[in-house]
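# An overview of the molecular structure
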Amino acid sequence: MKYISTRASSTEPTEPRVLRGFSDILLEGLAPDGGLYLPVAYPKVSAETLNAWRSLSYAELAFEILSLYIDDIPPADLRALVEKTYTAEVFGGHAAITPLTPLAPNLMLEGLSNGPTLAFKDMAMQLLGNLFEYELGRRGETLNILGATSGDTGSAAEYAMRGKHNVRVFMLSPLGRMSAFQQAQMFSLQDENIHNLSVEGVFDDCQDIVKAVSNDLDFKRKYRIGTVNSINWARLLAQVVYYFAGYIQATQTNNNQQVSFAVPSGNFGNVCAGHVARMMGLPIKHLVVATNENNVLEEFFRTGSYRVRSSAETFETSSPSMDISKASNFERFVFDLLGRDGDRTQALFGRALAQEGAFTLTADEFAKIADYGFQSGRSTHADRLATIRTTFEQFGVLIDTHTADGLKVAQELREADVPMLVLETALPAKFEATIAEALGPDVKAPRPAALADLESRPKRFQVMPADTATVQRYIVDHAPV
Ligand SMILES: *Cc1c(COP(=O)(O)O)cnc(C)c1O
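Right, let's walk through the structure included here. Note that the structure is a prediction, hence the values are computed from the model and not measured.

### Focus: the sheet that holds strand β10 (residues 284-291)
One open sheet accounts for 6 strands, arranged β3-β4-β14-β9-β10-β13; its pairing is mixed. The sheet terminates laterally at β3 (100-104) and β13 (374-378), the two strands that pair on one side only. On average, each strand axis in the sheet is inclined to that of its neighbour by 25°, with strand direction left out of account. Judged from the 5 bridges that link them, strand β9 (residues 259-264) and β10 form a sheet pairing that is parallel. Across the sheet, phenylalanine 261 pairs through a bridge with leucine 287, a residue of β10. In the packing of helix α11 (residues 269-279) onto the sheet, contacts are made with β9, β10, β13 and β14 (420-424), and the angle to β10 comes to roughly 170°.

This is the structure we're talking about:
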């Protein structure tokens, strides 16, 4: 399987220089032209194959799906990597890895948050850690991952990369601005290859420093700086697997039966994997994009206009992992929607967004969205509280704030005869304050036993000013060439 950029000009899509292999793009971010990588075509999975996959374990299923997209890692090696990644031991003791929790007839949660950081980013990041270690070892290279986090992404990256050979992580976070749980989760890691840099500033300062370091091309090359952000194709590919796993668990043997998925969304990474699964032939009726107050995506699916928000218009909400000003994976879907016209994608994402911060599809382009199964809706803080409360009272199930956004919109849009799987993207234990606001002080979100003493563990972190040169000096001192 070869990969192309969403901005590859349609006059040159088959030129060898624009076609890349999986291992080539694994360690990269954006394509050189600023686009995102996608496979040249989506492999199709027949109803027969899908039926045959019903007896597979999660890891075996992951191997089958990944094999369709990866032909430059020997199959035995790839199998070993997924077998090592998707174990019940790593995913909260659940043999199914992404178990379903029924709520009402044809309404269920698919649990994606049983990994080490209790959020869905572990599903992909755990595989990425193993793939990075494998590929770097094969090449005899090392990589210094530099990132900024306000919570989930940074901890998922650290837990995926801890103790891995040839990889170091330098993770910037705003001093004193993460929850006690999130901070303890990251800072309690004692692995030598993990560096927590606690920056005297806000999240935007951290992000600006990461950008400045990445734009310093000499430094970037010399110190082999890389990233693990959500536009990485391997992360997206890993997420395709749980759409199949959810489908298989929710249906019997009739593969023509359709299901729908509701997806708490921010950067469009999670639901984009659903789009890929649907393009492969998985019988998905609707992909429900649920946003919080930061409704860039909901607005797009309602109006055909995509408008990046300023930081003043980006709200801090009680589902913080969905607080985005733009959706960094969205370009992948639009490329498909536009019939894979890289020139038009370039005009929208390369030019219009850069110049005006917004674009609007033509009526013809907008009309095609119906073919892709997308629906959308929006949820607010009051909706989250109400959904957490009613879900606990009616079904006896405690959900987190992000999952509540998904469930709220799912309940508005679901059809009685189509199973609706709501993706559970975090465990409520991570958001104790909002759970208390919804349910009162007496209901405590259960925490996995292994994390009972998390906040009292010794912490390992380095405080520093919001200054690019200081961060660079720290990297130089801790990542010798
Ligand atoms: C990252 C995240 C999301 C949003 O996922 P995207 O792929 O960015 O759309 C939703 N919920 C939780 C808990 C997350 O960590």
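After that view, the rundown keeps rolling.
### Thoughts on the site of the ligand
The environment of the ligand is formed by 15 residues, the closest being Lys121, Asp152, Gly266, Asn267 and Asn270. A distance of 3.1 Å is found between an oxygen atom of the ligand and a backbone nitrogen or oxygen belonging to phenylalanine 268. In the environment of the ligand, an oxygen atom lies 2.9 Å from a nitrogen or oxygen atom belonging to the backbone of asparagine 270. Taking 380 Å² as the accessible area of the ligand by itself, protein coverage stands at 97%. Its residues placed into classes, the shell around the ligand shows 5 nonpolar, 8 polar and 2 charged.

### With respect to the layout of surface pockets
If you add up the space inside the second largest pocket, you get close to 360 Å³. Lining the second largest pocket are 18 residues, with Gly115, Pro116, Leu118, Ala450 and Leu451 sitting closest to its centre.

### Points about the side chain of threonine 345
Along the polypeptide, threonine 345 turns up in helix α14 (residues 342-356). Judged by relative accessible area, which is 0%, threonine 345 ranks as buried. Filtering out sequence-adjacent residues up to four positions away, threonine 345 remains in contact with Thr6, Glu331, Phe335, Leu338 and Gly350.

### What about the sheet that holds strand β15 (residues 462-465)?
Taking strand neighbours across the sheet as the criterion, the 5 strands line up as β8-β5-β6-β7-β15 in an open arrangement whose pairing is parallel. Looking along the sheet, the strands with just one partner apiece sit at the ends: β8 (225-226) and β15. With 6 bridges connecting them, strand β6 (residues 167-174) and strand β7 (residues 194-200) associate as parallel partners. Directly across from serine 173, in β7, lies its bridge partner serine 198.

### Focus on helix α4 (residues 75-85)
Inspection of α4 places Leu78, Leu81, Val82 and Thr85 among the buried residues, and these make up the whole buried set. Projection of α4 onto a plane perpendicular to its axis shows the buried side chains occupying an angular sector of 90°, all on one side. Looking at the buried side of α4, the elements it contacts are α3 (58-67) and α5 (121-139).

### A short note on the nonpolar core
Note on soluble globular proteins: their nonpolar side chains tend to be buried together. Counting 109 residues, the largest nonpolar core has Tyr86, Tyr243, Phe244, Phe268 and Phe330 as its most contacted members. Per-element accounting of this core gives the leading share, 14 residues, to helix α10 (residues 233-250). Not counting the four nearest positions on each side in its chain, phenylalanine 244 is found in contact with Val45, Leu50, Trp53, Leu61, Ile65, Ala277, Met280 and Leu282. By size, the runner-up hydrophobic cluster in this structure holds 28 residues, among which are Leu118, Val288, Ile388 and Ile399.

### Regarding the packing of aromatic side chains
Think of a pair of aromatic rings as described by two things: how far the centres are apart, and how the planes are tilted against each other in angle. In this structure the tally under the stated criterion is 28 aromatic pairs. Summarising the aromatic geometry, the rings of tyrosine 86 and phenylalanine 91 are spaced 5.8 Å apart at their centres and angled 25° between planes, so their arrangement reads as stacked. Here tyrosine 86 and phenylalanine 91 have matching classes, each one buried. Seen in terms of ring centroids, phenylalanine 333 and tyrosine 372 are 5.5 Å apart; in terms of plane orientation they differ by 80°. Their pairing is edge-to-face.

### Structural notes on the pairing of β10
Looking along a regular strand, one sees the side chains alternate between the two faces of the sheet. Across the 8 residues that make up β10, a large majority, 7, are buried. Taken together, β9, α11 and β10 form a β-α-β motif whose crossover is right-handed. Summarising the sheet, β10 and β13 pair through 5 bridges and their orientation is parallel. What sits directly across from alanine 290, in β13, is glycine 377.

### Concerning the environment of leucine 348
One can find leucine 348 in helix α14. For leucine 348, a relative accessible area of 4% translates into the label buried. Along the primary structure leucine 348 and valine 241 are separated by 107 residues, whereas in three dimensions their C-alpha atoms are 30 Å apart. When neighbours within four sequence positions are excluded, leucine 348 is seen to be in contact with Val334, Leu338, Leu353, Phe359 and Leu361.

### So, the packing of helix α16 (residues 381-395) against helix α17 (residues 401-413)
Their axes nearest at 9 Å, the elements α16 and α17 cross at an angle of 80°. The angle between α16 and α17 falls in the class roughly perpendicular. Mapping the contact onto sequence places Asp383, Arg384, Thr387, Ile388, Thr391 and Phe395 in α16 and Thr401, Ala404, Asp405, Leu407, Lys408 and Gln411 in α17. Of the residues contributing to the contact of α16 with α17, the split by class is 4 nonpolar, 4 polar and 4 charged.

### Topic: unusual backbone geometry
Backbone geometry at asparagine 166 places phi at a positive 70°, although glycine is not the residue there. Of note, asparagine 166 is situated in the loop between α6 (152-161) and β6. Of note, the phi angle at arginine 224 is positive, near 50°, even though the residue is not glycine. Mapped onto the elements, arginine 224 comes out in the loop between α9 (217-222) and β8. Given the relative accessible area of 23%, arginine 224 is considered partly exposed.

### Here we look at the pattern of salt bridges
A complete count under the given rule lists 21 salt bridges for this structure. Across the pair glutamate 135 and arginine 138 runs a salt bridge whose closest N-O atoms are separated by 2.8 Å. Here the residue glutamate 135 and the residue arginine 138 both occupy positions in helix α5, the gap between them amounting to 3 residues, near one helical turn. Ionic pairing is found between glutamate 365 and arginine 344, a salt bridge with its closest N-O pair at 2.7 Å. Pair noted here: glutamate 365 is in helix α15 (residues 363-367) and arginine 344 is in helix α14, with a separation of 21 residues, a long-range link. The buried category is assigned to glutamate 365, whose relative accessible area is 11%. Because the salt bridges share partners, they merge into one network encompassing Glu299, Arg307, Arg309 and Glu313.

Rules behind the numbers
Residues numbered from 1 in each chain as written. Predicted model: local features only at pLDDT ≥ 70, side-chain atom pairs only at ≥ 80, totals over all residues. Heavy atoms only, no water. Pairing = 2+ DSSP bridges. Helix = DSSP H or I, 4+ residues; strand = E, 2+ residues; numbered from the N terminus. Axes fitted to C-alpha atoms, helices over the stretch in contact; angles between N-to-C directions. Contact = heavy atoms within 4.5 Å. Near = heavy atom within 4 Å. Polar contact = N/O pair within 3.5 Å; in protein donor to acceptor, adjacent residues only side chain to side chain. Areas by Shrake-Rupley, 256 points an atom, 1.4 Å probe, with all protein chains shown as cover. Nonpolar A, V, L, I, M, F, W, Y, C, P; charged D, E, K, R; others polar. 1 Å grid on protein atoms, 1.4 Å probe; cavity = no way out; pocket = protein on both sides within 12 Å on 5 of 7 lines; lining within 4 Å. Points joined across faces, edges and corners; volume = space filled by probe spheres on them. Buried < 20%, exposed > 50% of the residue type's maximum accessible area, 1.4 Å probe, protein only. Arc of directions from axis to C-beta. Core = buried A, V, L, I, M, F, W, Y, C linked by side-chain atoms within 4.5 Å. Phe/Tyr/Trp six-rings, centres within 6.5 Å; stacked < 30°, edge-to-face > 60°. Right-handed = clockwise from strand over helix to strand, strands pointing away. Parallel < 35°, antiparallel > 145°, perpendicular 65-115°, else oblique. Salt bridge = Lys/Arg side-chain N within 4 Å of Asp/Glu carboxyl O.

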